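Examining the three-dimensional arrangement
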Amino acid sequence: MSEPPTGAPYDDAPPPAAPPPAAPPPAPELADLETPWRRLDPRMLMIHPVQEIVRFLPALIGAVVVGQSSDTGGRFIELAVLVLAVGVGLLRWATTRFRIEHGQIELRKGLLNRQVIATPADRVRTVDVTAPPFHRVLGLAKVEIGTAGHTKERLVLDSLPTAEARHLREELIHRRRVAADPASPAPYGEPVPGLAPPPAGPADERGFAPVWSGDDVPGTETELLRLDPRWVGFAPLTLTGVFSALAILGFGNQFLQRYLQRTDLGGAVSGLGEHPLWVDVVVVLVGLVVLVSLLAVVGYALQFWGFRLTRHRGGTLHVTRGLLTTRETSIEEKRLRGVELGRPLGLRLAKGARLQAITTGLSRKERDRGSAWLSPPAPYDVVARVGRDVLEDDEALAGPLHEHGPAARRRRYTRAAVPALVLAVAGWLLVGLAQWWVGVGVLATLPLLLSPVVAGDRYAGLGHRLLPAHLVVQHGSFVRRRDVLERDGVIGWVVQQSFFQRRVGVAHVLATTAAGKQSYVVRDVPLDTGVAVALAVDPDLLTPFLEER
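Note that this is a predicted model, so its numbers are computed, not measured. Along each chain, numbering runs from 1 in the same order as the chain's sequence is written. The predicted origin of the model limits local features to residues at a pLDDT of at least 70 and limits the giving and counting of side-chain atom pairs to 80 or more, whereas totals for whole chains, interfaces and linings rest on all residues. As a rule here, side-chain values cover all heavy atoms of the structure and leave hydrogens and water aside.

So, about helix α13 (residues 405–433). Helix length check: α13, at 29 residues, gives a terminal C-alpha distance of 43 Å against a target of 42 Å (1.5 Å per residue), a fit within 8%. For α13, the complete set of buried residues consists of Ala 407, Ala 408, Arg 411, Arg 412, Ala 416, Ala 420, Ala 424, Gly 427 and Val 431. Buried residues in α13 make contact with α14 (438–460), α15 (499–504), β19 (506–513) and β20 (519–526). Helix and strand assignments follow DSSP, with helices taken as H or I runs no shorter than four residues and strands as E runs no shorter than two, numbered in order from the N terminus. Gln 435 sits one or two positions beyond α13 and adopts a positive phi of about 60°. Expected span of a helix: the number of residues minus one, times 1.5 Å. The rule is simple: take the accessible area with a 1.4 Å probe, protein chains only, and divide by the maximum for that residue type; under 20% is buried, over 50% is exposed, in between is partly exposed. Whether two residues are in contact is decided by their heavy atoms: any pair within 4.5 Å suffices.

Turning our attention to the confidence of the model for the protein. Per-residue pLDDT for the protein has a mean of 78; in total, 70% of the residues score no lower than 70. For every residue, the pLDDT score states the predictor's confidence, bounded by 0 at the bottom and 100 at the top. For the stretch residues 177–218, pLDDT sits under 50, and the model shows 76 contacts to residues farther than four places along the chain or on other chains.

Once that is clear, we can look at the nonpolar core. The criterion is simple. A nonpolar core is a set of buried Ala, Val, Leu, Ile, Met, Phe, Trp, Tyr and Cys residues joined through side-chain atoms within 4.5 Å. Grouped together as the largest cluster of nonpolar side chains are 37 residues, with contacts concentrated most on Trp 231, Phe 307, Leu 309, Val 339, Leu 374 and Val 390. Sorting the residues of this core by element identifies β8 (221–226), α9 (277–304), β10 (316–321), β12 (336–344), β13 (352–359), β14 (373–379) and α12 (380–391) as the ones contributing at least two each. The greatest single-element share of this core, amounting to seven residues, is contributed by α12.

On to α14, then. Here α14 is 23 residues long and its end C-alpha atoms lie 35 Å apart, about the 33 Å a rise of 1.5 Å per residue gives. Within α14, the axis deviates most sharply at Ser 451, by approximately 45°, and proline Pro 452 lies no more than four positions further along. Along α14, the residues classified as buried are Gly 439, Gly 441, Ala 444, Thr 445, Ser 451, Ala 455 and Tyr 459. Turning to α14, the residues buried within the fold contact α13. Note on bend: the value at a residue is the angle between axes fitted to the seven residues ending there and to the seven starting there.

Here the focus is the sheet that holds strand β9 (residues 308–312). Pairing between two strands is assigned when DSSP locates at least 2 bridges connecting them. Read from one edge of the open sheet, seven strands run β7-β6-β5-β11-β10-β9-β8, paired in antiparallel fashion. Two strands close off the open sheet at either side, each with one partner strand: β7 (155–161) and β8. Within this sheet the neighbouring strands show an average axis-to-axis angle of 20°, counted without direction. Across six bridges, the pairing between strand β5 (residues 124–131) and strand β6 (residues 140–147) is antiparallel. Paired with Thr 130 across the bridge in β6 is Lys 142. Throughout, an axis means a line fitted to C-alpha atoms (over the contacting stretch in the case of helices), and angles, computed between N-to-C directions, take values from 0 to 180 degrees.

Stacked, edge-to-face and tilted labels apply to pairs of Phe, Tyr and Trp rings (six-membered ring for Trp) whose centres lie within 6.5 Å, assigned for plane angles under 30 degrees, over 60, and everything in between, in that order. For the coordinates displayed, the defined rule picks out four aromatic pairs. Between Phe 304 and Trp 373 the ring centres are 5.1 Å apart and the planes differ by 90°, which places this aromatic pair in the edge-to-face class. Taken together, the residues Phe 304 in helix α9 and Trp 373 in strand β14 connect sequence positions 69 residues apart. For the pair formed by Phe 304 and Trp 373, the shared burial category is buried. By definition, being over a ring means that NZ of Lys or CZ of Arg is both within 6 Å of the ring centre and within 35 degrees of the ring normal. Over the ring of Trp 93 we find Arg 39, and its NZ or CZ is 5.3 Å from the ring centre.

Structure (structure tokens):
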């Protein structure tokens, strides 16, 4: 056996293991933070004066009109209005300051009418980060903070650097401090000298202690949904898509008229009257359907392009969407009270659906702006999977429902047939007495012929179910909706009976809540069944009233 070379290391033991990396320091809670007053980003000076000029546009137009009739006075008015508009934008930046201190968000704004808005961070329900096109060009974003209470309590910070706006959202939603990228500018704009001392404790050259962000740790987000571009085909099948198309059409009406006048298409439109009436009707209807469909696709792309739904391990759902104006919304899951599954008739025929959140802290205006979207119009299987992932309940969205009985069925047929019968009689009276075109009577009769189909579909979509964690209600035909509400989110009950409902023994039973539409209705349910559902959800709410009866 040969001996090892002299001086060579010869040791069968493995080398000592490297010490484990140090754990990231715990992030301080917002209640412990004390930050200096800060201004918005100076780049907003390129945005707000333009916004103010738009607001002053009527006055500016008036000044131009006056200027055409005066050589000097009108020019002075134009200049004064322009300076005023720009000055207001500059004052907004100079007088707006904000900070987070001891778990409270504070905002100061105004010069003559000074306003101080403060709200505890634990009242924050949603945080939207919006970036219109001009903001995106400058790398800015607008932060809108939704809090519990009235919509006037919303705090708007316009404009912040995009990265810092996202960091602020993380702080407010997850209740802890987030470290900014070292290459980014100082968080939330430059400090305002003399208003507050820098925060105490170990800090970097910017005056902020380095803290780990959730974004720095892998695996902090789970993707639940990402938009498939093929889903734009669902756009013309929803009322939202049609309304978006009509809005775009109304906005571009003047441009369309000019285009028709300057092209051969205008001559084709003016020549419609040269053909038989039915040909003109068919051509106009087909053209309108094609135009509305194309505009609906455009509206869908503007609203939902890049849609992405993720779940953050800190307990939030995060939605990103928008083509020209990007919008990022974060919703705390502990504020989530359920979901609304919408299936308008067009989407149902195409096997599609859409999903929205039932959550506290969202006003009707915010819901109309789309802050509650969890899924755009998409294939039903995809939307149902997202709903199951959000609710963690396999039966809520796809399970069978309890029917509401013969009385509810009769009411569906009666309410569908009676108005249709009145319309048909009125149509034929106009044909017989006023000598109207016979087609009026035929068209007036169509709803009566379709009423049994509509009534049957309405009853097929009517039902409810009580699950261990959720109350499920469904109704509607042209716009069918299944609402899934957490039982713990119900704060009250209302039992409504009209004269006709009392005669057949059914009632509307409303589950009231602080989230979403504020109330969700079990429609035309037998009275005993409705009361039993309410008692099963929370006996303490109804028992005192039943004892009094």
